[in-house]
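Here is what each chain is made of, one letter per residue.
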Amino acid sequence: MWSHQREPLSIYQRIPSKENSNHLDMEDDSALLQSSVDEESSNPPWRLSLPYVLVATISSFLFGYHLGVVNEPLESLSSDLGFSGDTLAEGLVVSTCLAGAFVGSLFSGWIADGLGRCRAFQLCALPMILGAFVSAKSKTLMGMLLGRLLVGTGMGLGPPVAALYVTEISPAFVRGTYGSFIQIATCLGLMGSLLVGIPVKEIAGWWRVCFLVSIIPATILCLSMSFCAESPHWLYKRGRITEAEAEFERLLGASHVKSAVAELSKSDRGDDSDSITISELLYGRHFRVVFIGSALFALQQLSGINAVFYFSSAVFRSAGVPSGLANVFIGVVNLSGSIVAMALMDKLGRRVLLLWSFFGMAMSMLLQVASASSYLKGSGALYLSVGGMLMFVLTFALGAGPVPCLLLPEIFPSRIRAKAMAVCMSVHWVINFFVGLLFLRLLELLGPSLLYSIFAAFCLLAVIFVKRNVMETKGKSLQEIEIALLSQI
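A brief structural summary. (Residues numbered from 1 in each chain as written. Predicted model: local features only at pLDDT ≥ 70, side-chain atom pairs only at ≥ 80, totals over all residues. Heavy atoms only, no water.)

Topic: the overall build of the chain
On a plain count of helices and strands, the chain comes out with 23 helices and zero strands. Within the span of the chain, comprising 489 residues, buried residues form 56% of the whole. Once local pairs closer than 6 in sequence are excluded, the contacts in the chain between residues at least 24 apart make up 84%. Approximately 20,200 Å² of the chain is accessible, and the part contributed by carbon and sulfur atoms is 66%. (Helix = DSSP H or I, 4+ residues; strand = E, 2+ residues; numbered from the N terminus. Buried < 20%, exposed > 50% of the residue type's maximum accessible area, 1.4 Å probe, protein only. Contact = heavy atoms within 4.5 Å. Areas by Shrake-Rupley, 256 points an atom, 1.4 Å probe, with all protein chains shown as cover.)

Okay, structure coming up:
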């Protein structure tokens, strides 16, 4: 493995922009790398970084929980707060959270670069704690909307920081597996919100408990991050070399510190992430990778995944399955696919999973089109629709769901990583908002056959896009990936 890593490192040279970097020349770096070959003959122990990854994924659990927390209690809380039957008000309870998420994701890169990854997690947890408390204690619609806006801000900040942190602290050989924990935690959060919401129709005011429960994991996240390792990549970029070495020792073990710092010196030397502007991301030399990341998130949402989630209860009810049980089916399939993706991520690779995932989603959508056609009637069409929906969720969870959040921090150069993730996640939330807003209206205007055909076309477009633009990152260090991409600019 090491022989493959050294070759790209030796062909890419960058001129240091800091005066003190003159003390480190290429020959010194080569000698340092050569001296550490024996130490790197084995992979770093994965157990060292695992606890920090698990703490970071609490933010993803909270993300999933708050996405689903209003599904079951919406009828009850709307009755208690005096807007029962007002579909606009009910829609605002959901969409206000999305608006907050957009704001949070938009500023996540600057917060993560300015305060550090651990402090960003703590800042993510605070509005979730405050927002959940305000929502639980609200007595009016405005109080509920304020709480949902605060929670949404934390939701928007959490996922990009989690993707950054997990990518930067994970050893290369398990980075894909650890990255899959983010999607699994999101699925568990969604399922947790459904389970907590089960008594809502039997116990008056239980919806307030649903919000209060989320304060517990948010508090654990906030407190635990005080004891977690900071990202060595962030520390190195800030010039805190000694601290970066200490964190590498916590994450990789003492024998891997020198080689890890030597690799960082190849790509991070002289970088100043504070100087990155939006215009440089959108029009500068990094435009291509930012475009790839934004397009992946856009295609993920335009595939129709959220539309399927919105429409699933109605489809299952038509088949005689209660909506609560339907949500369990969807959640179990989503979780199962995410677990399989975790096992395959570092074996098959990100690109392969993306290609087959989007292709499988396209085929699943075509099953939905067939079930909605006039040629199939009765139970046959119904079972085909249910089967197509479950297959769609499964294939989504195998690649299109977990891969983008893992792949993008890998392909973004260290200098722009946090801010580029912020831009791409903002695109994700904007498309998510409009798909949710327009889906039912488009279903009325176009009918299910044409609408699902459009979703299938986007899935096939995603296959072509991934095949032409996405590189494989499996088993490569972040520095190798950065060097390979920058050489193409």
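Some thoughts on the packing of helix 4 (residues 58–68) against helix 7 (residues 117–137)
It is the contact of helix 4 with helix 7, at a shortest axis distance of 11 Å, that shows an interaxial angle of 30°. When the interaxial angle is binned, helix 4 and helix 7 end up roughly parallel. Considering only the axes of helix 4 and helix 7, their crossing is left-handed. On helix 7, the residues that touch Ser59, Leu62 and His66 of helix 4 are Phe121, Cys124, Met128 and Ala132. (Axes fitted to C-alpha atoms, helices over the stretch in contact; angles between N-to-C directions. Parallel < 35°, antiparallel > 145°, perpendicular 65-115°, else oblique. Left-handed = near helix turned anticlockwise from the far one by under 90°.)

Overview of helix 8 (residues 141–169)
With 29 residues, helix 8 ought to run about 42 Å at 1.5 Å a step, and its terminal C-alpha atoms sit 42 Å apart, in line with that. Across the 29 residues of helix 8, 23 count as buried, placing the element largely inside the fold. (Expected span 1.5 Å × (residues − 1).)

Some thoughts on the packing of aromatic side chains
Aromatic ring pairs are defined here through the distance separating the ring centres and the angle between the ring planes. In the structure shown here, the tally under the stated rule is ten aromatic pairs. Arranged with centres 5.6 Å apart and planes meeting at 40°, the rings of Tyr178 and Phe181 form a pair that is tilted. Of this pair, Tyr178 and Phe181 both sit in helix 9 (residues 175–196), three residues apart, roughly one helical turn. The class of Phe181 is buried, set by a relative accessible area of 16%. Among the aromatic residues, ring-to-ring pairing joins Phe287, Phe291 and Phe465 into one connected group. (Phe/Tyr/Trp six-rings, centres within 6.5 Å; stacked < 30°, edge-to-face > 60°.)

Topic: the nonpolar core
Judged by nonpolar contacts, the single largest core of 104 residues is most densely connected at Tyr165, Met225, Leu296 and Phe412. In terms of residues, this core owes the most to one element, helix 22 (residues 417–469), which gives 18 residues. Leave out the neighbours within four places in its chain, and Phe412 touches Val289, Val290, Gly293, Arg417, Ala420, Met421 and Cys424. Counting 16 residues, the second largest nonpolar core, distinct from the first, contains Tyr65, Ala89, Val93 and Trp207. (Core = buried A, V, L, I, M, F, W, Y, C linked by side-chain atoms within 4.5 Å.)

Let's talk about the environment of Leu335
Residue position: Leu335 is located in helix 18 (residues 323–348). For Leu335, a relative accessible area of 16% translates into the label buried. Spatially, the C-alpha atoms of Leu335 and Leu394 are 8.5 Å apart, while their sequence positions differ by 59 residues. Once you skip the residues sitting within four places of it in the chain, Leu335 turns out to touch Ile184, Cys187, Leu188 and Met191.

Here's the deal with the packing of helix 19 (residues 350–372) against helix 21 (residues 403–411)
Packing of helix 19 against helix 21 leaves a shortest axis separation of 11 Å and a crossing angle of 145°. Helix 19 and helix 21 meet at a crossing whose hand is left-handed. Residue-level inspection shows Arg350, Leu353 and Leu354 of helix 19 in contact with helix 21, the latter providing Val403, Pro404, Leu406, Leu407 and Glu410. Per-class residue counts for the contact of helix 19 with helix 21 are six nonpolar, no polar and two charged. (Nonpolar A, V, L, I, M, F, W, Y, C, P; charged D, E, K, R; others polar.)

Thoughts on the side chain of Ser193
As for its placement among the helices and strands, Ser193 is situated in helix 9. Among residues more than four places away in sequence, those in contact with Ser193 are Tyr65, Gly68 and Val69.

Some remarks on the pattern of salt bridges
For the structure shown, the criterion picks out ten salt bridges. The shortest N-O distance in the salt bridge between Arg417 and Glu168 comes to 3.0 Å. A residue pair is termed long-range when its members are at least 10 positions apart, and Arg417 in helix 22 and Glu168 in helix 8 qualify at 249 residues. Take Arg417 and Glu168: they sit in the same class, and that class is buried. One salt bridge in this structure joins Glu243 and Arg240, with 2.9 Å as the shortest N-O distance. Using a relative accessible area of 38% as the deciding quantity, one classes Glu243 as partly exposed. Where salt bridges share partners, they join Asp113, Arg117, Glu168, Lys237, Arg417 and Lys419 into one cluster. (Salt bridge = Lys/Arg side-chain N within 4 Å of Asp/Glu carboxyl O.)

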